[in-house]
Amino acid sequence: MSGRVVVVGGGVGGLAAAHRVLRADPGLEVTVLEADDRPGGKLRTVRVGGIEVEAGPDAFVARKPWAAELCRELGVPVEAPATSRSFVWTDRGLLPFPGNAFGVPASPAELLRWPGIAPSARVRALRDLWLRGAPPDPDESLGGLVRRRLGDGVAEVLVEPLLAGLFAGDA
């Protein structure tokens, strides 16, 4: 069979779609349209301090085995992460996120012990357990919610890096 298929978007989803179309029917002509100067969407490699690091969604390989399978099928080298822990850069250096992989402390005591935020920010976050917060804004961002309930320290050190890493977003 012959024909043309146009895929709009050269991010991972668009490239995967184009690949699947070609696998299903190698006789099709597939064109991928991408507005950016390179394909790949939010996934990219950047140099930081002379070291190559991956930027963009960090859940790509570790939590999505089908993404790694697609990379191997395409001949793209994939390396498993050296650790399943998540780390964040703080004023005290590189520290593991408290709590689970998403940086949510399992208990108030864990947040109090975690050295990544200033003692005053820890106390501010714990106030949420006793103080009644302002009512939510129906159009409130996640960053706004965290700042309102837990304070700037938690938002800046724990939430903003997490969202930037997972979704290339801004809290």
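Here, the structure is the one placed above.
In short, a report on the structure. All values reported here derive from a predicted model rather than from experimental measurement. (Residues numbered from 1 in each chain as written. Predicted model: local features only at pLDDT ≥ 70, side-chain atom pairs only at ≥ 80, totals over all residues. Heavy atoms only, no water.)

Tallied over the full model, the rule gives eight salt bridges. R23 is the partner of E73 in a salt bridge, and the nearest nitrogen-oxygen pair spans 2.4 Å. Of this pair, E73 sits in helix 2 (residues 65-74) while R23 is found in helix 1 (residues 12-24), placing the two residues 50 residues apart along the sequence. You can call R23 exposed: its relative accessible area is 51%. We note a salt bridge from E140 to R148, for which the minimum N-O separation is 2.9 Å. Of the residues examined, R148 reaches a relative accessible area of 22% and is grouped as partly exposed. (Salt bridge = Lys/Arg side-chain N within 4 Å of Asp/Glu carboxyl O. Helix = DSSP H or I, 4+ residues; strand = E, 2+ residues; numbered from the N terminus. Buried < 20%, exposed > 50% of the residue type's maximum accessible area, 1.4 Å probe, protein only.)

Okay, the nonpolar core next. When a protein is soluble and globular, its nonpolar side chains tend to lie buried together. Among the nonpolar cores identified, the biggest contains 16 residues, and F97, L111, W114, I117, V146, V154 and L158 are the most heavily contacted of them. At the level of secondary structure, the elements contributing two or more residues to this core comprise helix 4 (119-126) and helix 6 (152-167). Among the elements that make up this core, the one with the highest residue count is helix 6 (seven residues). (Core = buried A, V, L, I, M, F, W, Y, C linked by side-chain atoms within 4.5 Å.)

This paragraph deals with the pairing of strand 1 (residues 3-8). Relative to strand 2 (residues 28-33), strand 1 runs parallel, the two being bridged by six bridges. Looking across to strand 2, one finds that G3 is bridged to L28. (Pairing = 2+ DSSP bridges.)

To continue, consider the environment of E73. Exposure remark for E73: the relative accessible area of 40% places this residue in the partly exposed category. Within the structure, the side chain of E73 is placed 2.6 Å from the side chain of H19, a separation counted as a polar contact. Polar contacts involving the side chain of E73 include one to the side chain of R23, which spans 2.4 Å. (Polar contact = N/O pair within 3.5 Å; in protein donor to acceptor, adjacent residues only side chain to side chain.)

Our next topic: helix 2. In an α-helix there are 3.6 residues to a turn, and that puts residues three or four apart on one side. For helix 2, the full list of buried residues reads A67, A68, L70 and C71. In an axial view of helix 2, the angular spread of the buried residues amounts to 160°, which keeps them on one side of the axis. Along helix 2, exposed side chains directed more than 90 degrees from the buried face belong to W66 and R72. Check the buried side of helix 2 and you find it contacts helix 1. Positioned one or two residues after helix 2, G75 has a phi angle of 80°, which is positive. (Arc of directions from axis to C-beta. Contact = heavy atoms within 4.5 Å.)

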